[in-house]
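Descriptive analysis of the structure
Now for the letters of each chain:
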Amino acid sequence: MRLHTIRFSARRLGRAASIALVAGTVGGAALLAAQAVAARTRRYARPELGLGVRSSVGPVDAPPLRLVLLGDSAALGVGVDRVQDTVGGQLAELLARDVEDRRIELSSVAVSGSRSVDLATQVARALVNERPDIAVILVGANDAVGLRRPGPAAAHLAAAVRRLRDAGVAVVVGTCPDLGAVRSVAPPLRQVVGWLGRRIARAQVRGVTQAGGVAVDLAAETGPVFRADPGTLCHDGYHPSADGYRVWAHALYPAVAAAAAAIPGRA
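This one's a predicted model, so the numbers in the text were calculated from it and none came from an experiment.

Helix and strand counts for the chain come out as nine helices and six strands. Buried positions account for 47% of the 267 residues belonging to the chain. Once local pairs closer than 6 in sequence are excluded, the contacts in the chain between residues at least 24 apart make up 83%. For the chain, the accessible surface area stands at approximately 13200 Å², while carbon and sulfur atoms represent 58% of it.

What follows deals with the pattern of salt bridges. This model, assessed by the stated rule, comprises six salt bridges. One salt bridge connects R103 with E105, and the closest N-O pair in it is separated by 2.5 Å. Between D178 and R227 there is a salt bridge, and its shortest N-O distance comes to 2.6 Å. With D178 in the loop between β5 (170-174) and α7 (189-210) and R227 in helix α8 (residues 218-228), this pair connects stretches of sequence that are 49 residues apart.

Attention now goes to helix α4 (residues 119-126). For α4, the full list of buried residues reads L119, Q122, V123 and A126. Take α4 and look down its axis: the buried residues cluster within an arc of 105°, on one side only. Buried-residue contacts for α4 involve β2 (64-71), β4 (134-138) and α6 (150-166).

Our next topic: the sheet that holds β4. The six strands lie next to each other as β1-β3-β2-β4-β5-β6, forming an open sheet whose pairing is mixed. Edge positions in the sheet fall to β1 (55-57) and β6 (214-216), since each has one partner strand and no second. Direction aside, neighbouring strands of the sheet carry axes that sit 20° apart on average. As paired elements, β2 and β4 share five bridges and run parallel to each other. Among the inter-strand pairings, V68 is bridged to a residue of β4, identified as A135.

As a further point, take the nonpolar core. In terms of nonpolar packing, the biggest core is built from 42 residues, with L91, L95, I134, V136 and L252 touching the most fellow members. Within the residue set of this core, elements represented by two or more residues are β2, α2 (73-76), α3 (87-98), β3 (103-108), β4, β5, α8 and α9 (242-261). Excluding its chain neighbours within four sequence positions, the residues that come into contact with I134 are L65, R66, L67, V68, V169, A170, V256, A259, A260 and I263. Residues V68, V161, V173 and V208 belong to the second largest nonpolar core, which totals 19 residues.

So, on to the side chain of Q204. The residue Q204 is located in helix α7 in this model. Note on Q204: relative accessible area 1%, which makes it buried. Ignoring any residue separated from it by four or fewer positions in sequence, one finds Q204 in contact with V139, G140, A154, L157, T175 and C176.

What follows covers the packing of aromatic side chains. Within the structure shown, the criterion is met by two aromatic pairs. For the pair Y245 and W248, a centre-to-centre distance of 5.8 Å together with 75° between the ring planes defines the contact as edge-to-face. Taken as a pair, Y245 and W248 lie in helix α9 at a separation of three residues, close to a single helical turn. In textbook terms, an aromatic cluster arises when at least three aromatic residues are bridged by ring pairs, as seen for F226, Y245 and W248.

Once that is clear, we can look at the packing of α6 against α7. With their axes 8 Å apart at the nearest point, α6 and α7 run at an angle of 35° to one another. For the element pair α6 and α7, the recorded crossing hand is right-handed. Of the residues in α7, those in contact with P150, A153, A154, L157, A158 and V161 of α6 are R199, I200, A203, Q204, G207 and V208. Split by residue class, the contact of α6 with α7 holds nine nonpolar, two polar and one charged.

It is worth spelling out the environment of D61 at this point. Checked against the element boundaries, D61 lands in the loop between β1 and β2. Its relative accessible area of 73% is what places D61 among the exposed residues. On a C-alpha basis, the gap between D61 and R102 in space is 8.7 Å, while along the polypeptide they are 41 residues apart.

Locating G207 in the fold gives a position in helix α7. Taking the C-alpha atoms as reference, G207 lies 5.7 Å from A154; in sequence the two are 53 residues apart.

Right, let's talk about the pairing of β2 for a bit. Burial within β2 is extensive, with six of its eight residues counted as buried. Sheet topology places β2 next to β3; six bridges connect them, and they run parallel. When the sheet's bridge partners are listed, L67 is paired in β3 with L106.

Conventions and cut-offs
- Per chain, residues are indexed from 1 in the order of the written sequence.
- Totals for whole chains, interfaces and linings use every residue, but because this is a predicted model, local features are given only for residues with pLDDT of at least 70 and side-chain atom pairs only at 80 or more, for both listing and counting.
- Values reported for side chains reflect all heavy atoms of the structure, with hydrogen atoms and water molecules removed beforehand.
- Secondary structure elements are taken from DSSP: a helix is a run of H or I of four residues or more, a strand is a run of E of two residues or more, and numbering for both begins at the N terminus.
- When accessible area is computed with a 1.4 Å probe and restricted to protein chains, residues below 20% of their type maximum are described as buried, those above 50% as exposed, and intermediate ones as partly exposed.
- By the convention used here, residues are in contact when the closest approach between their heavy atoms is within 4.5 Å.
- Surface accessibility in these figures is a Shrake-Rupley result with a 1.4 Å probe; residues are shielded only by whichever protein chains are displayed.
- Only one rule defines a salt bridge in this text: a Lys or Arg side-chain nitrogen within 4 Å of an Asp or Glu carboxyl oxygen.
- Each C-beta atom gives one direction from the helix axis, and the arc is the one those directions make.
- At least two bridges found by DSSP between two strands is the condition for calling them paired.
- What counts as an axis is a line fitted to C-alpha atoms, over the stretch in contact for a helix, and the angles between N-to-C directions run from 0 to 180 degrees.
- Only buried residues count toward a nonpolar core, which is a set of Ala, Val, Leu, Ile, Met, Phe, Trp, Tyr and Cys residues joined through side-chain atoms within 4.5 Å.
- When two rings of Phe, Tyr or Trp (its six-membered ring) have centres within 6.5 Å they constitute a pair, described as stacked for plane angles under 30 degrees, edge-to-face for angles over 60, and tilted for the intermediate range.
- Here a crossing is called left-handed whenever its near helix is offset anticlockwise from the far helix by less than a right angle, and right-handed whenever the offset is clockwise.
- Three classes are used: nonpolar for Ala, Val, Leu, Ile, Met, Phe, Trp, Tyr, Cys and Pro, charged for Asp, Glu, Lys and Arg, and polar for all others, with Gly counted as polar.

The quantities given are spatial measurements derived from coordinates; they are silent on function.
Shown next as structure tokens:
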């Protein structure tokens with residue numbers, strides 16, 4: 001009787017555990033689905049028209065050093081309303097400070113919402129007139145949240161890097177940022193999105209390096225800052241603020257400065 005009771009109890013416990021696991025899984029999936037709907041319907045910052053305008057920093061009569069930004073809303077500067085507060089604007093200021101014999105010509109062909117597959121069109125636009133000296137690419141977040149597979153996404157990025165390198169352009173890529181730091185998405189979906197971003201970033205590093213570019217792991221370099229300081233994000237809790245873009249610019253700058261120093265005709 002005792003053995004039968006133990007077996008019966010074990011079966012009941014096992015069945016109860018299974019039911020609890022299924023219920024937890026279903027409940028967790030429902031929670032994630034509800035959070036995804038809330039994230040999609042949230043009001044996000046919109047691109048400012050002036051962010052796509054070309055600008056220059058430095059002596060008017062100095063020879064130009066052309067810097068172009070490609071990618072998604074991060075490369076365009078969504079979340080701020082002044083060019084000088086974008087990643088490109090802040091990189092141009094840093095370059096102008098250190099490269100006194102050149103005028104930094106800044107332009108952007110980035111399009112908000114872009115994924116890696118969209119870079120081919122942007123590369124064509126970047127190369128249509130004067131060839132840029134340095135290209136900075138910021139992309140990957142939309143691949144991650146759109147559940148794109150890391151391999152194909154990284155392959156599209158690598159193809160863009162290779163085309164630019166074949167045209168004689170130095171390329172610096174800021175990989176997918178730390179999506180686990182965004183505040184527009186609540187836990188546990190935030191953790192899931194962060195994991196998806198890291199998968200994309202790892203594939204990006206391999207692809208960019210093989211294509212001849214320089215990859216800067218933005219999640220590793222700047223993620224802790226974004227997680228600790230809410231002020232690095234703009235009012236929508238997703239796109240960076242001017243302070244956030246400044247953090248990214250300083251993480252990218254050593255690679256951009258090295259590319260500038262290697263331009264023929266400069267020491």
